[in-house]
Structures are given as C-alpha cells and as structure tokens.
Amino acid sequence: MKVAYWPGCVSRGFTPELHGSMAKVAPLLDIELVELDRASCCGAGVIAEHNQELADTLNARTFALAGQVEGADLMMNICSTCQGAQSECQERLDGNTEYREHVNETLSAEGLSYEKGLANKHFLWLMVEEIGLDRIASMVKRPLTGLRVGPFYGCYIVRPTDRLGIDRDTPRDTYLHALIEALGGTVVDYAGQYKCCGFPIITMNQQASLKQAGRHLGDALDADADCLVTPCPLCHLNLDLQQPLAEKVVGRPLGMPVLHLPQMVGLALGLDPKELGLSKHVVKPTSVIDWSTSVLAGVPNAA
Amino acid sequence: MAEYTLRLRRYSPETGEAPYWEDFQVDLDGHRSVLDGILQARDRTDGSIGIRCSCRAAICGSCGVRINGRPNLACHMHLDKATENAVDGIITVEPMGNMPVLKDLIVDMDAVHWKKIQRVTPWLLPDGPDPEREHIVAPESMIDVTQSMACIQCGACVSDCLSMEVDPLFIGPAALAKAYRFVGDPRDGQHYERLKDLAEDPHGIYDCTHCFNCIEACPKGVAPMSQIMRLRRIAGSDHEIDDRNNGHRHEQAFVKNIERNGLLHEADLLPDSYGGKFHPRAIPVLTGSLPAILKALQRGKVTPRKALLHSHKAGDDVKRIYKHVHDKEERYELNLYVAGEEDEPGDDAPQAGHADAAGSHLPEERSPNQ
C-alpha cells in the first residue's frame, strides 16, 4: 500500500534509528512511503499551547499535503506525539465547518485546502488495521520466542480515547500487546505501560520527569521484562537517552533496553540488528540481541 | 435481574491490617449503577463497607472511585457496562489514587483535593467597590468558562494525575481548572496576579506533563488539561510572565525554532529555552546535559555537524502562516465543548471564539460510561 508518510522531527533528529528502521521495514510489509518533505513540525502540543490557530493551520497544511499524494491510501506517522497532537487539531478542523474554512483561507495562498476526514494512522494502527496481524505473523522469520517485551504506549496514542477512536470495536490501546504476541514474543504487563514517560516536563521539572521514566523502567524490570518497545520517539528519549540520569534519580540500576516499534518488527522479520540502528541506543539491547551471532537472546538457532 | 460480582478494596486503618480484596454478589438490573451494587452489598452482607455518596445522580461528586482501574463516579457507571470492561467479568472497585485512604472506598479529600482548591483562591476578586446590585456582564463573555464551571469536585482527575503521582506538591488538574474559571471571568480583577502566582510556583501550571489522564478521567467533560493550557497561553502570550520552571521560555524557544527551521532542531531547543547557548542561565543546564549529549555523540545518534548545523529550513509558506496568525489582534480559538460537534458537514453549529460565541449552545453532557 502507498502512504503519505510523516516521520516527524525527532525520528530525523535525536532518534535517527527510528526513521532508518522504518525505511528498512516498510518494503518488507509492502508499504510504499511517500515522505511529506514540505510539511512542518506537528507542534507536539507546545505550539497549540502558544496559539491554537497556528498549530491547527500548520497541521491542516500537513494534512492537505498528504491529501495531494496521488494514490496514497492514507497518511501514516511513526510518532505517538505526532498522532496525538495532529488528532487534536484534526478534531477541531473536522468538528466545525466554519473554523475549517477559516483555516483553509490561510492555506489558500499556497493553493492548499484541507478536506474533512483524512485518515492519519500511526504505523502501529496501520499494521493492525490495514495489514492485519495474521499476515504479519505469517511473515515472521525470527520469532521473538522467549523474549519478554514490556509495551510502553506513552500518552498521546491512548488518550483521550474518544478523540483517538478507541473503543471496544477498535481497541487501539491493546495493539502493542497483540503485535508482540503476533511476532512470537511474550507480553510483560507492568504498572507504567500506559503512563507518562515524563518527557514534556524534562526542561521544566527534571526531577519529576526522570522520576516518571525511572519508575516505569524499574517496574518493568521488576516484572522481568527483557526490553520495552515504544511507538513514541519522545518517550524513547526519556526512557533510553536519559536512562543514566533516571537511574540516579530513582537510586537503582536499570539497564533496560528500549526498542522503537519498527525495530522490533524488523528483528522479527529477520533484519540485521545493526541495520535497524540498535547500536545507536544508549542502553545497549544486549538482552535482546546476541551481538556475536545477531540472533535474539535465548533463541537458539534463530534466524 | 442479574447477578454481578463486585470485588471491593477493603481497608480499615484502625485494625492494623493491610488492604485486601473482598468479593460480593449483588442482584440488580444491568442498568443500575455500581453505586447501587455497593449499597446493596452493604445493606445485605456487610454493613461496615465504607463508601461516600449522596445524590446518586452524578451531580454531587461524592462517590468518586476507581472502577476496573479507571476513575469514575460509582453512580455514573452501569453494572452491565462495568462488566464488559472487567477482567473475568468481576467488577473491581477501589479508592481513588493520589489521596490517603480513610476507610475502604473513602479517601481523604480534605488532605489533598480541597487543600489544593483553596490554594488557587477559588473566589471572585473584583477590582474596585462592589456594584450597587449585581455585576453585569455580557453573556458571551462567560461562555468560555462554562467548561471549567461544569466541575463537580469529584476528584477523579486528581486521582489519576500522573504529575501528582511523582510530585505531590503539583497544584493539580482540578484546582488549576478552577483557577481558569476565575482567570477567564471578566468580573475578576486579579488575572495577572493569579497567573503570576501559578506560574511562579514551581509546582504550578508548568508542572503538568500533558498526559491527558485528567481529560480521560473527568465524568463531566471539564478537560482540566485544556484549562491548564489556556492558563499557560494567557500567562505567556498576554502577560509575558516568565516562570521559575522556564516553561514560557521553553514554549517561546520551541515556537521560534519551528518558525526558523520548519522541523525541530533539538540541539538549539535546550539552550534557547534558557536564553541561548551563552546565557548564564543556560551554562549549568548544558553542563548537566553534557553526559547525555556525549553519549548520543558516542553512539552516533547525532554527529557534531548535525548538532551544530541544521540543514532543514522552514519554507516561505510556513513563515507566512506564522506571520498571518501572529499579526492578528486577537487569538482565534475553537472550543468544541462550547461549540458542540456538528452532525453533518455544513450545518450551522455556532462557533466559539472569544468574540463570536454569543448564542452558542452547550453540548449534551457526556453520556454515562463514556
């Protein structure tokens, strides 16, 4: 399938391994990525905090650019924060015709217009809803057998449920669980899986921010997780890049590897760990990867 | 009549025993509330079950609990709906979080919730002498605060506030929503003083972590986090209040970063949030971040070139949008709570916005169990 692809900023900034691994995984899943290279940052809620109309207009422009990608089935992102921030703007744009027309008037100078109802799905949602877990399971070459994976959803992709279309028929807040199982791994439930990583306040209240990250990593450790997986690069920054500092704040060693979603999928589909950028993590995923043979730990003769 | 199993969290501090779970069978129609179930268990099985309740109609805010792990009013959740979301069909009911438990399902609202509400001076502070009769205000000028006025002080948002979980001093969602109720009230004469106070408090408006838990928790659609963002917007943009947590400077640095670059250039964001790379405020922050920066360089997450230079620049159209929006005399905002959702595209639901909200109707209250 062809998608208008919005990678976001952080996946091309401080977590380049996310963008890189998505590019490796997409062809294996028959996803053609048409990158929205003229689009701008979603604002991560901060631009909306400054000026709602500015955030809504910038995102309406992104949606309009996505709508221009010929033959694309929908818009796809790889960042929970983009998903949440864009969904919030889209809710307002779709919810009120007069407001949408007002925003489109600003876009008209560029010859763009946003039409209500664009489908913008995170890679996680797209895998479950468009490709199907059965099909993905059938593509697995290196099952995650014996690997205990803790899902870390982050906030923006699970709340508020009505805005994000989460209900009994569309249980998007369980998709990471289902995916881990489809790839042959074992889901580890732990207290922090739906909580906040603390990243939004890292510059404002570092202690509270790192306490959040450290506590969730510790909870996962206590539940015997081998690694976490997250659909959000901002969560990844607080859980991985800041993990050495989080260890100091919570006063315990953690050493918990955190995978990006496409990295976990890529591992199961048989890709080489280094190709997926796993060597770029601050906490080396040694519990996930046997570096000598490039197979999953605890999986004899895998791959 | 159907049979439901309620698994209640029991705790009596005077016994010295740890909290424990206890199951109760109740016979009630599915459309009856979880509160009805608890009251039947208390009437028929164990008179010592502690639950606080009054109106049974989702208006007094007394019976806040966690049902199947999520905060709600016990009277606002039907038994059949609760069963649908229950593991193994057993409805679990436990006391709200972030507040000490007094007994069973009753938490100490005075110790946390009401104390924080008092913290924000929850009454009108008008300027000048009292008018001879009542304050006269245009109806449309009050519409913006109707969302925060819908709060029934149940504490559900406080229960699940993730900032408060790690920072108990955080003023919190309910109290900050209440603060907006007065900051947005044209009769109040202390807007600047209120905002300055809430921004200066290191556990104030910039301590919210944007987790949406309070929006999800609120049974009345108050969306406390949205009110906190409004407080930030007015404090920063209208009053230019620089806060102790550096929240306003961070916001300014972020917004300008995107105006300049189109995409976020992270390496600039941190120093710019503190006044720039060479500002005395930034030095200790950058020094403190050095281990993380060095680690990122060592792992090849970033290269020195990428950290220092940012090849991506904002296009003219992004800059034009910035200018167009910033040049306006008034911010244009849409609050869907006030405006209501449209049924069909093109229908004439009134829009919100500060100046044009006259005649807006309030949406129907969120339905039970939503």
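This structure is a prediction, so every number in the text was calculated from the model and none was measured.

S.K.: Got a minute to help me understand the overall build of chain A in this structure?
M.R.: Secondary structure assignment for chain A yields 12 helices and 10 strands. Its C-alpha atoms give chain A a radius of gyration of 19 Å, within 12% of the compact-globule value 19 Å for 303 residues. Seen along its three principal axes, the alpha-carbon backbone of chain A occupies a region of about 60 × 45 × 35 Å. The proportion of buried residues among the 303 residues of chain A is 60%. Considering only intrachain contacts with a sequence separation of at least 6, the fraction spanning at least 24 residues in chain A is 79%.

S.K.: It is not clear to me how the domain arrangement of chain B should be interpreted in this structure. Could you clarify?
M.R.: Accessible area lost upon the coming together of the parts serves often as the stated size of an interface. Residue and element names in this part refer to chain B. For chain B, the assigned domains are domain 1 (2–107), domain 2 (110–238) and domain 3 (247–326). Measuring from the centre of the C-alpha atoms in domain 1 to the corresponding centre in domain 2 gives 29 Å. Each partner contributes to the interface: domain 1 provides 15 residues, whereas domain 2 provides 16 residues. Those elements that provide at least two residues to the side of domain 1 that touches domain 2 are strand 3 (64–67) and strand 4 (70–73). When residues of the side of domain 1 that touches domain 2 are assigned to their parent elements, the largest contribution, three residues, is made by strand 4.

S.K.: Quick question: what am I supposed to make of the interface of chain A and chain B here?
M.R.: With 56 residues of chain A in contact, the opposing surface of chain B contributes 64 residues. When residues of the side of chain A that touches chain B are assigned to their parent elements, the largest contribution, six residues, is made by helix 3 (residues 52–67) of chain A. Of the residues assigned to the side of chain A that touches chain B, the class counts are 21 nonpolar, 19 polar and 16 charged.

S.K.: Can you walk me through helix 8 (residues 175–182) of chain A in this structure?
M.R.: Think of an α-helix as 3.6 residues a turn; residues three or four steps apart then line up on the same face. Residues and elements named next belong to chain A. For helix 8, the full list of buried residues reads Tyr-175, Leu-176, Leu-179, Ile-180 and Ala-182. All buried residues of helix 8 lie within an arc of 160 degrees about the axis, which places them on one face of the element. Close packing links the buried residues of helix 8 with helix 6 (123–131), helix 7 (133–139), strand 5 (148–151), strand 6 (186–187) and strand 7 (227–230). Once helix 8 ends, the next one or two residues include Gly-184, with phi positive near 95 degrees.

S.K.: What's the story with helix 11 (residues 243–250) of chain A in this structure? I'm lost.
M.R.: Residue and element names in this part refer to chain A. Here helix 11 has its buried residues at Gln-243, Ala-246, Glu-247 and Val-249. Across the axial projection of helix 11, the buried residues extend over an arc of 165 degrees, all falling on one side. A positive backbone phi angle near 70 degrees is found at Gly-251, which sits one or two residues after helix 11.

S.K.: Even after reading the chapter, I still don't get the domain arrangement of chain A, so can you show me in this structure?
M.R.: All names here are of chain A. What the domain assignment lists for chain A is domain 1 (2–122) and domain 2 (132–296). Centre-to-centre separation of domain 1 and domain 2, based on C-alpha positions: 24 Å. Counting residues at the interface gives 24 residues for domain 1 and 24 residues for domain 2.

S.K.: So what exactly am I meant to see when it comes to the sheet that holds strand 4 (residues 120–122) of chain A here?
M.R.: Within a sheet, neighbouring strands are paired by backbone hydrogen bonds and run either parallel or antiparallel to one another. Residue and element names in this part refer to chain A. Strand order in this open sheet of four strands is 2-1-3-4, and the pairing throughout is parallel. Unpaired on one side and paired on the other, strand 2 (32–35) and strand 4 mark the two borders of the sheet. The sheet shows a mean angle of 40 degrees between the axes of neighbouring strands, direction not considered.

S.K.: Whenever I open this one, the confidence of the model for chain A confuses me. Can you help?
M.R.: Residues shown with low pLDDT carry predicted positions that ought not to be read at fine detail. Taken residue by residue, chain A gives an average pLDDT of 94. The fraction at 70 or more is 96%. Scored below 50 in pLDDT, residues 299–303 of chain A makes 10 contacts in the model with residues more than four places away or belonging to other chains.

S.K.: How should the environment of B:Gly340 be read in this particular structure?
M.R.: Its location among the elements puts B:Gly340 in the segment after helix 17 (336–339). A C-alpha to C-alpha distance of 20 Å links B:Gly340 and B:Phe212, two positions 128 residues apart in sequence.

S.K.: Please clarify how the environment of B:Phe212 should be interpreted in this entry.
M.R.: Examined against the element boundaries, B:Phe212 turns out to sit in the loop between helix 9 (191–200) and helix 10 (213–217). Ignoring anything within four residues of it in the chain, the contact list for B:Phe212 reads A:Cys155, A:Arg159, A:Pro160 and B:Met225.

S.K.: Honestly, the packing of helix 3 of chain A against helix 16 (residues 316–326) of chain B in this entry has me stumped. Any pointers?
M.R.: When two helices pack together, their arrangement is given by the angle between the helix axes and by the axis-to-axis distance. For the pair helix 3 of chain A and helix 16 of chain B, interaxial distance at closest approach is 10 Å and the crossing angle is 150 degrees. By the angle class used here, helix 3 of chain A and helix 16 of chain B are roughly antiparallel. Here the hand of the crossing between helix 3 of chain A and helix 16 of chain B comes out right-handed. Between helix 3 of chain A, through A:Glu53, A:Leu54, A:Thr57, A:Leu58 and A:Arg61, and helix 16 of chain B, the contact on the second element is made entirely by B:Val318, B:Ile321, B:Tyr322 and B:Val325. A breakdown of the residues in the contact of helix 3 of chain A with helix 16 of chain B according to their chemical character gives six nonpolar, one polar and two charged.

S.K.: Help me understand the sheet that holds strand 5 of chain A in this model?
M.R.: Residue and element names in this part refer to chain A. The sheet built from four strands is open, its strands ordered 6-5-7-8 with parallel pairing. Both outer strands of the open sheet, strand 6 and strand 8 (258–260), are each paired with one neighbouring strand and no more. In the packing of helix 10 (residues 233–241) onto the sheet, contacts are made with strand 7 and strand 8, and the angle to strand 8 comes to roughly 160 degrees.

S.K.: Just to check I follow, could you spell out the environment of A:Arg215 for this structure?
M.R.: All names here are of chain A. Here Arg-215 shows up in helix 9 (residues 206–222). Sequence-wise, Arg-215 and Leu-107 are 108 residues apart; in three dimensions their C-alpha atoms are separated by 44 Å. Setting aside residues up to four positions removed in sequence, Arg-215 forms contacts with Gly-192 and Val-250.

Conventions used here
Residues numbered from 1 in each chain as written. Chains lettered and ligands numbered in written order. Predicted model: local features only at pLDDT ≥ 70, side-chain atom pairs only at ≥ 80, totals over all residues. Helix = DSSP H or I, 4+ residues; strand = E, 2+ residues; numbered from the N terminus. Rg over C-alpha atoms; globule rule 2.2 N^0.38 Å. Buried ≥ 20, exposed ≤ 12 C-beta atoms within 10 Å, placed from the backbone. Contact = placed C-beta atoms within 7 Å. Domains from an automatic or database assignment. Nonpolar A, V, L, I, M, F, W, Y, C, P; charged D, E, K, R; others polar. Arc of directions from axis to C-beta. Pairing = 2+ DSSP bridges. Axes fitted to C-alpha atoms, helices over the stretch in contact; angles between N-to-C directions. pLDDT = per-residue confidence, 0-100. Parallel < 35°, antiparallel > 145°, perpendicular 65-115°, else oblique. Left-handed = near helix turned anticlockwise from the far one by under 90°.

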